[in-house]
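# Inside the fold
Residue-level listing of the chains:
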Amino acid sequence: MTGEPMFPERGPWSDGASYERYMGRWSRRVAREFIAWLGQPAGLSWLDVGCGTGALTATICAECAPGAIVAVDPSGPFIDYARGTLRDNRVRFEVASASALPVGDRSIDVVASGLALNFFADRPAAFAEMQRVAKPNATIAFYVWDYPGGGMGFMDAFWEAAMAVAPGAASAGERSRFPFCTPGGLLDELRAAGFAQAEARPIEVTAEFADFDDLWAPFTQGTGPAPAYYQRLDGETRLALKRTLESRVAGRRPIQFPARAWALRGRPG
Ligand SMILES: C[S@@+](CC[C@H](N)C(=O)[O-])C[C@H]1O[C@@H](n2cnc3c(N)ncnc32)[C@H](O)[C@@H]1O
């Protein structure tokens, strides 16, 4: 499924530079740990599903000496950003969805995905596609934030502040949208999809911000679920949210939050 972008220009995944400031900088940190855990040899064929602006793709290029990488995402603006910032002739970026991967059957050694699986509208279809394109002994692996455990601390702090000022914020937050992002929930989904040798582990990093503006500005730029939610608020509620979050981190220098992702891997069934 290649060709026209599948997401509108304005939406949660519409601006690569804003995404990098909001989340890409932290995704890159998890990606390094994830890649080390996978421990794959050089020369393999990789697929990055939901590659966004290329955080995981770039890490694969830097750490794994891949033979080739196909990196797909339905966001045209993100794919444009990735193409413009990661120029590597081993990489082919394509606009495509996880449920219709533009690669042949049994052609990929390592299928990987970073911080994207919970956003796939049809995870069973995505799992089926990942197994279709994987070679028989391939590794299929991904990581997502520990949303139910408040694992991405700065996003959790945003939603806690939002709940204090805006009725309805709780149901918009990732904690309630993605309850399956636990080791048990994800392993159950992998096993139900027919994966073999499925296992999970935590990856922990720290997100630190130079000052409040470094933390706050990305929330105002529209890219990502929390920033998209912020854009829907009226001016008074926006200001109340900003003041609430600011008061909760007052006096902290640097402002630091723990971040925990769950990483999973398995083999096609
Ligand atoms: C939080 S971003 C992660 C991007 C990148 N992998 C990273 O680690 O920074 C989530 C990504 O999932 C993508 N996405 C949403 N639905 C998708 C689908 N059905 N198939 C593939 N990717 C999807 C979005 O476009 C977005 O780029």
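Keep in mind the model is a prediction, meaning the values are calculated, not measured.

According to the stated counting rule, one finds one cavity of 30 Å³ or more in the structure shown. As a volume, the largest cavity reaches approximately 60 Å³. Every residue along the wall of the largest cavity is listed here: Asp146, Tyr147, Gly150, Gly151, Met152, Met155, Asp156, Trp159, Glu174 and Arg175. Those elements that place two or more of their residues in the lining of the largest cavity are helix 5 (153-165) and helix 7 (174-177). The leading source of residues in the lining of the largest cavity is helix 5, at three residues. Residues belonging to the lining of the largest cavity are distributed by class as follows: four nonpolar, two polar and four charged.

For helix 11 (residues 235-249), spanning 15 residues, the distance from its first C-alpha to its last is 22 Å, which sits close to the expected 21 Å at 1.5 Å a residue. The N-cap residue of helix 11 is Asp234: its side-chain oxygen and the backbone nitrogen of Glu236 are 3.2 Å apart. Where helix 11 terminates, the next one or two residues include Gly251, which has phi positive at roughly 85°.

Take the side chain of Thr57 next. If you trace the backbone, Thr57 turns up in helix 2 (residues 55-64). Exposure remark for Thr57: the relative accessible area of 0% places this residue in the buried category.

Here the structure, examined in full by the defined rule, presents 14 salt bridges. Note that Arg21 and Asp214 form a salt bridge whose closest N and O atoms lie 3.8 Å from each other. Taken together, the residues span a long stretch of sequence, with Arg21 in helix 1 (residues 16-38) and Asp214 in helix 9 (residues 212-216) at a distance of 193 residues. Arg21 gets classed as partly exposed once you look at its relative accessible area, which sits at 30%. Given the relative accessible area of 13%, Asp214 is considered buried. In this structure, Asp88 and Arg90 form a salt bridge, with 2.7 Å as the shortest nitrogen-oxygen distance.

Here is what the cut-offs are and how they apply
Residues numbered from 1 in each chain as written. Predicted model: local features only at pLDDT ≥ 70, side-chain atom pairs only at ≥ 80, totals over all residues. Heavy atoms only, no water. 1 Å grid on protein atoms, 1.4 Å probe; cavity = no way out; pocket = protein on both sides within 12 Å on 5 of 7 lines; lining within 4 Å. Points joined across faces, edges and corners; volume = space filled by probe spheres on them. Helix = DSSP H or I, 4+ residues; strand = E, 2+ residues; numbered from the N terminus. Nonpolar A, V, L, I, M, F, W, Y, C, P; charged D, E, K, R; others polar. Expected span 1.5 Å × (residues − 1). Polar contact = N/O pair within 3.5 Å; in protein donor to acceptor, adjacent residues only side chain to side chain. Buried < 20%, exposed > 50% of the residue type's maximum accessible area, 1.4 Å probe, protein only. Salt bridge = Lys/Arg side-chain N within 4 Å of Asp/Glu carboxyl O.

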